[in-house]
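For reference, the chains in residue letters:
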Amino acid sequence: MKVYSLSVVYAPPSSPSVILSSASDLSSFSFYQRGSVGEFLTFFSKTVAERTSQGQRQSVQENSYVAHAYNRGGAEQLAAIIITDQEYPVRPAFSLLTKILDDFTAKVPQSSYSNPGSINFPDVQTYLTKYQDPRQADAIMRVQQELDETKIVLHKTIESVLQRGEKLDNLVERSNALSAQSKMFYKTAKKQNSCCVIM
């Protein structure tokens, strides 16, 4: 699971989109590929933002990349795009997009959208780093992982109980046999004691 790029995009319905803030992690590519991959991620982000209707969420796959987009629209006309590999889960991706748009609108005034170079929003890099492992960033996925681990332990416990159960079955059979022998011993002892009663 890998997040390659995270962007906040100004996406007015009838104009070209403009990336207001973005961060990318190209460490998995060779040094010579990083420039080309970076340009592709920027182009992919802008294209998906322009083709996502206001108020819509969508995922677009291109080769081994998946762009998850959320165009909130409204007065701000903002969209958020996260580009991941195919293994990255959808729910944490869209959760991050909503969270980053909320933070961006709270911290960056709308008047600065016309000058993207002046926008300082370091949270985008923080979110990119934090969401590399969606299980750590997303509470529900973390709980699900803990449940899965508990389920594995529970299955191991049940298997050990079943193994013990087989041993218990052997003990029960032996105790039944022992019980029959002890009844025989009791009857025999009673007979012998009854014949030797002194009066």
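Quick note: structure is the one above.
The shown structure was predicted, so the numbers you read here are calculated from the model rather than taken from an experiment.

K.L.:
Quick question: what am I supposed to make of the nonpolar core here?
P.N.:
Within soluble globular proteins, side chains that are nonpolar tend to cluster in buried spots. Among the nonpolar cores identified, the biggest contains 25 residues, and Leu6, Leu78, Ile82, Leu97, Ile100, Phe104 and Phe121 are the most heavily contacted of them. When contributions to this core are tallied by element, the ones reaching two or more residues are strand E1 (3–10), strand E2 (18–24), strand E5 (78–85), helix H2 (90–107) and helix H3 (123–130). By residue number, the principal contributor to this core is H2, which donates seven residues. For isoleucine 100, the residues in contact, after removing those within four places along its chain, are Leu6, Val8, Ala80, Phe121, Val124 and Tyr127. Among the nonpolar cores identified, the runner-up in size contains 16 residues, and Val37, Phe44, Val48 and Ile81 belong to it.

K.L.:
Would you mind going over the pattern of salt bridges with me for this structure?
P.N.:
When their charged atoms lie close together, side chains carrying opposite charge are able to pair. The final tally for this structure, using the stated rule, is four salt bridges. Ionic pairing is found between aspartate 25 and lysine 2, a salt bridge with its closest N-O pair at 2.7 Å. You can see aspartate 25 sitting in the loop between E2 and helix H1 (34–50) and its partner lysine 2 sitting in the segment before E1, a full 23 residues away along the chain. A salt bridge links lysine 107 to aspartate 123; the shortest N-O distance between them is 2.4 Å. Residue lysine 107 is located in helix H2, and its partner aspartate 123 is located in helix H3; the two are separated by 16 residues in the primary sequence. Taking relative accessible area as the criterion, lysine 107 reaches 52% and is therefore assigned exposed. Taking the relative accessible area as the measure of exposure, aspartate 123 reaches 18% and is therefore buried.

K.L.:
How should I be thinking about the environment of valine 90 in this particular structure?
P.N.:
Within the secondary structure layout, valine 90 lies in helix H2. Between the alpha carbons of valine 90 and proline 134 there is a distance of 9.9 Å; along the sequence they are 44 residues apart.

K.L.:
Explanation requested: the packing of H2 against H3 in the structure shown.
P.N.:
Axis angle and axis distance: for two packed helices, these are the angle between their axes and the distance between the axes, and together they describe the pair. In contact at an axis separation of 11 Å, H2 and H3 are set at 160 degrees when each is read in the N-to-C sense. Comparing the axis directions of H2 and H3 gives the class roughly antiparallel. The handedness of the crossing between H2 and H3 comes out as right-handed. Residues Leu96, Lys99, Ile100, Asp103 and Lys107 of H2 form the contact with H3, whose own contacting residues are Asp123, Val124 and Tyr127. Across the contact of H2 with H3, the residue classes tally to four nonpolar, no polar and four charged.

K.L.:
Would you take a moment to explain the packing of aromatic side chains for this structure?
P.N.:
Within a pair of aromatic rings, the relevant descriptors are the distance that separates the centres and the angle that separates the planes. Under the counting rule described, the total for this entry stands at nine aromatic pairs. By the ring-pair criterion, three or more aromatic residues cluster together here, those being Tyr4, Phe29, Phe40, Phe44 and Tyr65. The ring of tyrosine 70 has arginine 57 sitting right over it, with the charged end atom 3.9 Å from the ring centre.

K.L.:
Honestly, the side chain of aspartate 25 in this entry has me stumped. Any pointers?
P.N.:
Judged by its relative accessible area of 19%, aspartate 25 is buried. One polar contact links aspartate 25 to lysine 2, side chain to side chain, over a distance of 2.7 Å. Not counting the four nearest positions on each side in its chain, aspartate 25 is found in contact with Lys2, Val3, Tyr4, Leu128 and Gln132.

Thresholds, definitions, all that
- The residue numbers shown here count from 1 along each chain, following its written sequence.
- Two thresholds apply to this predicted model, a pLDDT of at least 70 for residue-level local features and 80 or more for giving and counting side-chain atom pairs, whereas whole-chain, interface and lining totals are computed over all residues.
- Processing note: side-chain calculations cover all non-hydrogen atoms of the structure and skip hydrogens and water entirely.
- Among the buried residues, those of types Ala, Val, Leu, Ile, Met, Phe, Trp, Tyr and Cys that are joined through side-chain atoms within 4.5 Å form a nonpolar core.
- Only protein chains enter the accessibility calculation, which uses a 1.4 Å probe. A residue is then buried if its area is under 20% of the maximum for its type, exposed if over 50%, and partly exposed in between.
- By definition, any uninterrupted DSSP run of H or I lasting at least four residues is a helix, any uninterrupted run of E lasting at least two residues is a strand, and each is numbered from the N terminus.
- Contact criterion: two residues are considered in contact whenever any of their non-hydrogen atoms come within 4.5 Å of each other.
- Should a side-chain nitrogen of Lys or Arg be within 4 Å of a carboxyl oxygen of Asp or Glu, the pair is scored as a salt bridge.
- Orientation is described by axes fitted as lines to C-alpha atoms, over the contacting stretch for helices, and by angles from 0 to 180 degrees between their N-to-C directions.
- Relative orientations are named as follows: roughly parallel for angles under 35 degrees, roughly antiparallel for angles over 145 degrees, roughly perpendicular for angles from 65 to 115 degrees, and oblique for any other angle.
- With the far helix as reference, a near helix turned anticlockwise by less than a right angle produces a left-handed crossing, and one turned clockwise produces a right-handed crossing.
- Residues are grouped as follows: Ala, Val, Leu, Ile, Met, Phe, Trp, Tyr, Cys and Pro are nonpolar; Asp, Glu, Lys and Arg are charged; every other residue, Gly included, is polar.
- Each Phe, Tyr or Trp ring (for Trp, its six-membered ring) is paired with any other whose centre lies within 6.5 Å, and the angle between the two planes then decides the class: stacked below 30 degrees, edge-to-face above 60, tilted in between.
- Whether a charge sits over a ring comes down to the Lys NZ or Arg CZ being within 6 Å of the ring centre and within 35 degrees of the ring normal.
- Think of a polar contact as two N or O atoms within 3.5 Å of one another; within protein, one of them needs to be a possible hydrogen donor and the other a possible acceptor, and neighboring residues in sequence only count if both atoms come from side chains.

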